[in-house]
Amino acid sequence: MEIPEPAGPPYLDSDRGDPQRPVCGICPATRYPREQFVVYSRPSWECPFNPADGHRYTLDEGVPACV
């Protein structure tokens, strides 16, 4: 699977500590702009965990996924 490079600033500035956008430490929002990742309501087979880097990606296209 080819992991995409971020094509813009992250959706969330993790140094800000913005309480309006709480995210976990592995959320793609800390690395990618909003247009570059998908959000799922819960973990599923459609977005498996990648043990090589500790993140989730869509099974079909390798798009970063937040669950």
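Quick notes on the rules
- Residues numbered from 1 in each chain as written.
- Predicted model: local features only at pLDDT ≥ 70, side-chain atom pairs only at ≥ 80, totals over all residues.
- Heavy atoms only, no water.
- Phe/Tyr/Trp six-rings, centres within 6.5 Å; stacked < 30°, edge-to-face > 60°.
- Lys NZ or Arg CZ within 6 Å of the ring centre and 35° of its normal.
- Helix = DSSP H or I, 4+ residues; strand = E, 2+ residues; numbered from the N terminus.
- Buried < 20%, exposed > 50% of the residue type's maximum accessible area, 1.4 Å probe, protein only.
- Polar contact = N/O pair within 3.5 Å; in protein donor to acceptor, adjacent residues only side chain to side chain.
- pLDDT = per-residue confidence, 0-100.
- Contact = heavy atoms within 4.5 Å.

Take the packing of aromatic side chains next. Applying the stated criterion across every chain, the model contains zero aromatic pairs. One residue, arginine 34, lies across the ring of phenylalanine 37, its end atom 4.6 Å from the ring centre.

For the rest of this paragraph, the subject is the side chain of asparagine 50. Mapped onto the elements, asparagine 50 comes out in strand β2 (residues 49-50). Classification of asparagine 50 as buried rests on a relative accessible area of 14%. A distance of 2.9 Å separates a polar side-chain atom of asparagine 50 from the backbone nitrogen of alanine 52.

Here we take up the confidence of the model for the protein. Here the protein shows a mean pLDDT of 82. Residues at 70 or above account for 81%. The weakest mean pLDDT in the protein belongs to β2 at 92; the strongest belongs to strand β4 (residues 64-66) at 94.

This next bit is on the environment of phenylalanine 37. With respect to the helices, strands and loops of the structure, phenylalanine 37 is situated in the segment before β1 (38-39). C-alpha separation for the pair phenylalanine 37 and glycine 62, spaced 25 residues apart in sequence, amounts to 9.7 Å. In this view, phenylalanine 37 contacts Tyr11, Pro28, Ala29, Tyr32, Val63, Pro64 and Cys66; residues no more than four positions away in its chain are not counted.

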